[in-house]
Amino acid sequence: MPVVRVALDVPLSTLFDYLLSVDLPAEIGQRVLVPFGRKHVVGIVIELAESSELAVERIKPVEQVLDDVPPLPAELLTLLRFCSDYYHHPLGMTVMAALPARLRAQEPVTIKQELSYALTDAGRALDLVQLPKRRVIQHRIWQALQNGAMSGSQIRALSASAPANLKLMMEQGWAESSTIPAAPSAPHTFNEVHTPTAAQQQAIDAVAQAQGYRCFLLHGITGSGKTEVYVQLMHQVLQRGEQVLLLVPEINLTPQLENYFRNRFPDAELASLHSGLSDGERVTKWLRAQSDQARIVLGTRLAVFTPLPKLGLILVDEEHDSSFKQQDGLRYSARDVAIFRANQRGVPIVLGSATPSLESYYNARSGRYQLLKLEQRASAQAQLPQVRCLNTSNIPLQEGISPAMLTALGERLLRKEQSLIFINRRGYAPVLMCTACGWLSNCSNCAGKLVLHLKDRRLRCHHCGHQERVPHACPGCGNTDLQPVGIGTQRVEEALQAHFPEARILRVDRDSTRNKGSWLAMRKQIQDDDVDILVGTQILAKGHDFPNLTLVGVLNPDGALYSADFRASEKLFAQLAQVAGRAGRADKPGEVLVQTAFPDHPLFRALRAHDYDAWAQILLTEREQAGFPPFVFQVLLRAEGKQEGEVYAFLKRAREAAMALSMPVEIYGVVAATMAKRANHIRAQLLVQSDTRKALQQFLRAWHPLLDELPSQKLRWSLDIDPLEF
Ligand code: ADP
Ligand code: ZN
Ligand code: ZN
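Rules used throughout
Residues numbered from 1 in each chain as written. Chains lettered and ligands numbered in written order. Predicted model: local features only at pLDDT ≥ 70, side-chain atom pairs only at ≥ 80, totals over all residues. Heavy atoms only, no water. Helix = DSSP H or I, 4+ residues; strand = E, 2+ residues; numbered from the N terminus. Rg over C-alpha atoms; globule rule 2.2 N^0.38 Å. Buried < 20%, exposed > 50% of the residue type's maximum accessible area, 1.4 Å probe, protein only. Areas by Shrake-Rupley, 256 points an atom, 1.4 Å probe, with all protein chains shown as cover. Lys, Arg positive; Asp, Glu negative; His and termini not counted. Charge placed at Lys NZ, Arg CZ, Asp CG, Glu CD. Donors = N, O, S within 2.8 Å, 3.2 Å for Na, K, Ca; no water. Tetrahedral: all angles 85-135°; square planar, octahedral: opposite > 155°, others 65-115°. Near = heavy atom within 4 Å. Polar contact = N/O pair within 3.5 Å; in protein donor to acceptor, adjacent residues only side chain to side chain. Nonpolar A, V, L, I, M, F, W, Y, C, P; charged D, E, K, R; others polar. Expected span 1.5 Å × (residues − 1). Contact = heavy atoms within 4.5 Å. Axes fitted to C-alpha atoms, helices over the stretch in contact; angles between N-to-C directions. Parallel < 35°, antiparallel > 145°, perpendicular 65-115°, else oblique. Left-handed = near helix turned anticlockwise from the far one by under 90°. Phe/Tyr/Trp six-rings, centres within 6.5 Å; stacked < 30°, edge-to-face > 60°. Domains from an automatic or database assignment. Buried area = accessible area lost by both parts, 1.4 Å probe. Salt bridge = Lys/Arg side-chain N within 4 Å of Asp/Glu carboxyl O.

Draft legend 1. Inspection of the overall build of the chain at higher detail. Secondary structure summary: the chain contains 21 helices and 30 strands in total. Over its C-alpha atoms the chain spans a radius of gyration of 28 Å, differing by no more than 12% from the 27 Å that the globule rule assigns to 726 residues. C-alpha extents for the chain along the principal axes are approximately 80 × 80 × 55 Å. Out of the 726 residues in the chain, the part that is buried amounts to 54%. Looking at the chain as shown, the accessible area adds up to about 33,000 Å², and 51% of this sits on carbon and sulfur atoms. Computed over 79 positive and 75 negative side-chain charges, the separation of the two mean positions in the chain equals 3 Å.

Draft legend 2. Inspection of the coordination of the zinc ion (ligand 3) at higher detail. In this structure, Cys 443 (SG), Cys 446 (SG), Cys 461 (SG) and Cys 464 (SG) serve as the protein donors to the zinc ion (ligand 3), at separations of 2.3 to 2.4 Å. Taken together, the 4 donor atoms surrounding the zinc ion (ligand 3) define angles of 104 to 112 degrees at the centre, an arrangement classified as tetrahedral. Read from N- to C-terminus, the donor residues coordinating the zinc ion (ligand 3) fall into the pattern C-x2-C-x14-C-x2-C.

Draft legend 3. Broad picture of the coordination of the zinc ion (ligand 2). Within the protein, Cys 434 (SG), Cys 437 (SG), Cys 474 (SG) and Cys 477 (SG) serve as the donor atoms for the zinc ion (ligand 2), at 2.2 to 2.4 Å. Each of the 4 donor atoms bound to the zinc ion (ligand 2) contributes to angles spanning 105 to 112 degrees, and the resulting shape is tetrahedral. For the zinc ion (ligand 2), the single-chain donor residues occur in sequence as C-x2-C-x36-C-x2-C.

Draft legend 4. Representation of the site of ligand 1 in the model. Taken together, 16 residues sit near ligand 1, with His 194, Thr 195, Gln 200, Gly 223 and Lys 226 positioned nearest. Measuring from an oxygen atom of ligand 1, one finds a side-chain N or O atom of Lys 226 at 2.8 Å. Between ligand 1 and Thr 227, the relevant distance is 2.9 Å, taken from an oxygen atom to a side-chain nitrogen or oxygen of the residue. Broken down by element, the shell around ligand 1 gets its largest block of residues, 3 residues, from helix α9 (residues 226-239). Of the residues contributing to the shell around ligand 1, the split by class is 3 nonpolar, 9 polar and 4 charged.

Draft legend 5. Highlighting helix α12 (residues 334-345). For α12, built from 12 residues, the straight-helix expectation of 16 Å at 1.5 Å per residue is met to within 8% by its first-to-last C-alpha distance of 16 Å. Along α12, the residues that are buried comprise Ala 334, Arg 335, Val 337, Ala 338, Ile 339, Arg 341 and Ala 342. Check the buried side of α12 and you find it contacts α1 (74-87), β9 (214-220), β10 (243-247), β13 (311-317), β14 (348-353) and α13 (358-365). Following α12 by one or two positions, Gly 346 adopts a phi angle in the positive range, close to 75 degrees.

Draft legend 6. Region of the structure containing the packing of α1 against helix α2 (residues 91-98). Two elements in contact, α1 and α2, have axes whose closest approach is 9 Å; the angle formed by their N-to-C orientations is 125 degrees. On the basis of their axis angle, the class for α1 and α2 is oblique. The hand of the α1/α2 crossing is right-handed. Taking contact as the criterion, the partners of Leu 80, Arg 81, Cys 83 and Ser 84 in α1 are, on α2, Leu 91, Thr 94, Val 95 and Ala 98.

Draft legend 7. A look at the packing of aromatic side chains. The tally for this structure, following the rule as stated, stands at 16 aromatic pairs. When the ring of Phe 16 is compared with that of Phe 36, the centres are 5.3 Å apart and the planes differ by 80 degrees; the resulting orientation is edge-to-face. Of the two residues, Phe 16 sits in strand β2 (residues 16-19) while Phe 36 sits in strand β3 (residues 31-36), which places them 20 residues apart along the sequence. On the basis of an interplanar angle of 20 degrees and a centroid distance of 5.4 Å, the ring pair of Phe 190 and Phe 265 is categorised as stacked. Of this pair, Phe 190 sits in the loop between β8 (175-178) and α8 (198-208) while Phe 265 sits in the loop between α10 (254-264) and β11 (270-273), and the two are 75 residues apart along the sequence. Exposure class is identical for Phe 190 and Phe 265. Each is buried. Through successive ring pairs, a cluster of aromatic residues spans Phe 82, Tyr 86, Tyr 87 and Phe 340.

Draft legend 8. Just the domain arrangement of the chain, in detail. Structurally, the chain comprises domain 1 (3-104), domain 2 (115-179), domain 3 (198-374), domain 4 (386-429 + 486-622) and domain 5 (633-721). Spacing between the C-alpha centres of domain 1 and domain 3 amounts to 30 Å. A buried area of about 1,900 Å², summed over both sides, lies between domain 1 and domain 3, and 73% of it is on carbon and sulfur atoms. Broken down residue by residue, the surface that domain 1 buries against domain 3 is led by Glu 75, Leu 79 and Tyr 87, which jointly contribute 30%. Summed over the shared surface of domain 1 and domain 3, the number is 1 salt bridge. For Arg 345, the salt bridge is made with Glu 75, and the minimal N-O distance between the two is 2.8 Å.

Structure (C-alpha cells):
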C-alpha cells in the first residue's frame, strides 16, 4: 500500500510515515489528518513512497485527506526544506511555522467569498441630472464601473469613502453585487506621479535588464526616492502578468504603504500580510496569492513564505532592519530567505536601505551583489539636514536637555514648525534610586532594572513584564527620598511641557501606541499640524514623511558607542541617519542636533558629513581586525533554565562535543548571556564561528545530533544561525 511521509509540528527532525488507502488519494503538499500518539493532528504530505522502512503493522493509516485548499506548491516545500537545513530546525516545525494558523487547524478552511460589484441597467442609464458631478466619489465609482465589474478591494482603492457611497448607489438600484469574480482589467492601470530622476532611472534599468537571479543593493539616502524605484519596477512586473513580493520591517508602516501602492496600482489586487490580521484574513490573502489573484504581496517577515506561482521580483525595504530576523522558534532572517528564494526562482531581488547592513554592504563591495546608488534627494527642493553635535561633557543639562536644544525648540515654536525629540527609552526613568543607601529598583526575576513609569506610578520590567507600585520609602533603609536616575520619554515630555506650557506635545512610544489605531490617529494629528513637539522612540525614526518637521533633537545616544554588543554602533548610526532623515523633507531646510559627550567619535563625524560609506569602511576595518561578521559566520547555542548548574553543565558538554569533532571552526568559551537572568531563568551561551558558511554548516551537521543526545530535560536550548543578538 502506498505510504506518505508527513511533516508534523513536533520537535523531531524526521518525517512520519502513514499508510494511504487507495480510496484516499493524496498529493505532495496536501494537508492530511493523522493519528499521533493519542491525538489527531494535521500534517503536510512531503513525500510519497511505495513502502516504508517500518513494519507494516506499526504504520497507522491517514484518517482524512483535507482537500479544501490546493496543495502547497513544490517550490514552497523546497524553500522550507532549505530553511530547515540551514537553520537546523525540524522540518515539520519549519513547515508549520510558515503556514497560516487555519492551515494548521483540523477544521475545514472556509473562505469568505469576495463579492464583485457591477452597474445595473438603471445604473448604466444614469445621466448627470440623476448623478450630478458634485457627488465626486459616486461619480468616480460610476465611471470606474462602466469598464466592468470590480472587486471590493478595487472599490476601496478608489477612495476611503467609496464603500459607503457604493452602498448608497446600491440602495438606489444603480449597482448590484454578485459572487462572479471581477476579472482583473488588463492592461493594468498605473498612476504616474513622478518622472524618475536620472539616478532612479539608472537603478530601474539595471534591475530591468537582469536576466534571472541577481541581487541588487539599492543604497539611497533618506528621501532619495527608493519607493519610486520599487513602484516603477513593480509596474514592469505587473505588466508582464507576474507577481511582486515586497517585504517591509514594521507593521505600523503597513497601512500607509498599503494605501500608497493601492493608489499607484488601482486595479492590481494587493494582499498585505502582517501580524495584525485575523486568522481568517491571513489564510484568505495567502490563498489569493497562491491562486495568482493577488499580484502584489506586501508584508512583514512571515510573508516571505507566501506561495507565489508567478513571482517575478522580490523587494526588501529597509533591509538592514533587525525585525526581519525572527528571534524564537524558526530563527530565520526573512531577508536572507528572500535572497535564497529569488535565487531558487531565478528572479531579481532588490535590497533597499539608506544605511545598509554591513553584511549587504560588504557583499555589494565585493561584487556578489550589484550596488545601485541614489546620492541625492529626489525632490529638487528637499535638502539634507544640517547635523550638529552639542557637546554635553561641559554643559549643564536640565532633565537631560541642554540649553541650546531648548533654544532651538523655542525658535521652531515661534516659526510654527514641528520638532522631534528622539530618545530611545520609554517610561519616565530607567531606574529608581535611594539617595541614602544606593538601593536600585532591580527586577526580582531578571538581571535588569525596573523602569519607572510615573504616569501610572508603577515600576515595570521591560524584559519579563513584572510590575509593582512605586514604593513610598526605600525597601532597603526606609529613606523616603527616592530619585529617578536617567531619562525616558515620559520625563522628557514632562520637562518640555513645563518649559513650553503653550506647546502641543505628543509622546510616541510603545506605551502610547499600544491601543489599536492610536498610532494612525497620532499620524493624522502630526500631519494636520496639531502637534508642535514630538517626543518619541525609534517608532518615529522609520520612513514617515512629516513635511513641517524642521528640527530633530537626539538625546543621550552615547550608551551604544561603547557597548559590549559589536553591532550596537552600527544600529545607532542607522537609527540616527533614519531619524535625521525626518527633518526637512519638503521645502524647509532641516536641522539635527545631537547631544553627546563624544562629538569627535567617528560615528558622529560620519553622521555630520552624511557619509555612510566612510562609517561603513571604519566598521568593516574594525570587524575584519576583530574577526567579526561579515568576515566570519556565527552560530550561537543558547541555553536557559532555573538551575544555573544545569545550564552551564549542558553548555560545557556541548562545548566538549564540539571540540572533539576537531573541525575547522573557532569555539569560544561558555559565557553568561547579556541578560544573564530573565523571568527567573538563568541564561548562558556558546559561540562558534568559521570563515565560511560551508564549514560552519558542515560542523553543525555533525554537532546538532550530538546536542540532541545530551541530557537537557530541565532546560531550553536553541541554535541561532547568523545571530543578531547576544
Ligand atoms: P526614500 O524611501 O528613499 O526615503 P521616498 O521614496 O519616500 O524616499 O521619496 C522621498 C520624496 O521624494 C517623496 O515625497 C516622493 O514623492 C519624492 N519623489 C520621489 N521620486 C521623485 C521624483 N522622481 N521626482 C520628484 N519627487 C520624487
Ligand atoms: Zn535606601
Ligand atoms: Zn523582569
